[in-house]
Amino acid sequence: MPETAASRPEAAPFRASIMQIEPQWIDYNGHLNMAYYNVMFDRAIDQLWLELGIGPTYMKERGGSTFTAECHVRYRREIHLGDPVQILVWLLEADDKRLHTFEEMRHATEGWLSATSENMSLHMDMNARRVAPFPPDIRERIAAVTRAHSAGARPEGIGRNVAMPSKR
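The text that follows walks through the structure, step by step, so that each part is easy to find. (Residues numbered from 1 in each chain as written. Predicted model: local features only at pLDDT ≥ 70, side-chain atom pairs only at ≥ 80, totals over all residues. Heavy atoms only, no water.)

1. Re the nonpolar core
General note: in soluble globular proteins, nonpolar side chains tend to be found buried as a group. Judged by nonpolar contacts, the single largest core of 30 residues is most densely connected at M40, L52, I54, I87 and M105. Top contributing element to this core by residue count: helix α1 (residues 34-52), with eight residues. Ignoring any residue separated from it by four or fewer positions in sequence, one finds I87 in contact with F14, R15, A16, M19, M40, F41, A44, E103, E104 and M105. (Core = buried A, V, L, I, M, F, W, Y, C linked by side-chain atoms within 4.5 Å. Buried < 20%, exposed > 50% of the residue type's maximum accessible area, 1.4 Å probe, protein only. Helix = DSSP H or I, 4+ residues; strand = E, 2+ residues; numbered from the N terminus. Contact = heavy atoms within 4.5 Å.)

Structure (structure tokens):
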């Protein structure tokens, strides 16, 4: 799939292609194993990165890529073999070196929420293997998508942390 730069980003979140659960991803509890939620979230991010122009071609030709620095997944409802999945991605914030994203995994035909993933990604200079600023043209694309995504409603769950409920 060629990398493209979206000319006019939409206010709605980015919608990844509909994906199918692979049989080997089902665990002994009869549902999608937790590791494969991350695989599917990562595949959706890869699709958005192509739209931003920071996919494999960018890495090969310009020596830049992204690494995930932090990830927080919430499992809301079981997903099973045969369930079609679509992931929505919001680019919440960005600066010269970081991208803050939020993803929702939804049943593609029924619309219910299965899981969310909130992530911080770092832009890397792959030759130096160090965090580095995005080039200006890429930064402009990222800023346009961030502005567009901030125009719509923000999803529930952003900024959640892991903690035991407080006792009163």
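Once the structure has been displayed, the description carries forward.
2. Overview of unusual backbone geometry
The phi torsion at R129 lies on the positive side, around 55°, for a residue other than glycine. Of note, R129 is situated in the loop between β6 (113-125) and β7 (130-131).

3. Section: the side chain of E104
Within the secondary structure layout, E104 lies in strand β5 (residues 98-107). Relative accessible area serves as the criterion here: at 7%, E104 is assigned to the buried category. Here R106 takes part through its side chain, which lies 2.9 Å from a polar atom of the side chain of E104. Beyond its immediate stretch of four places on either side in the chain, E104 contacts F41, Q86, I87, L88, W90, L113, A115, T116 and P155. (Polar contact = N/O pair within 3.5 Å; in protein donor to acceptor, adjacent residues only side chain to side chain.)

4. Let's talk about the pairing of β6
With ten of 13 residues buried, β6 lies mostly within the body of the structure. With eleven bridges joining them, strand β3 (residues 64-75) and β6 adopt antiparallel strand pairing. Within the sheet, the bridge partner assigned to T68 lies in β6 and is S121. The hairpin turn running from β5 into β6, its antiparallel successor, is five residues long, and G111 in that turn takes a positive phi close to 85°. Strand direction decides the pairing type here: β6 and β7, joined by two bridges, are antiparallel. Counted as the bridge partner of D125 is R130 from β7. The antiparallel pairing of β6 with β7 creates a hairpin that spans four residues between the two strands, and R129 there sits at a positive phi of about 55°. (Pairing = 2+ DSSP bridges.)

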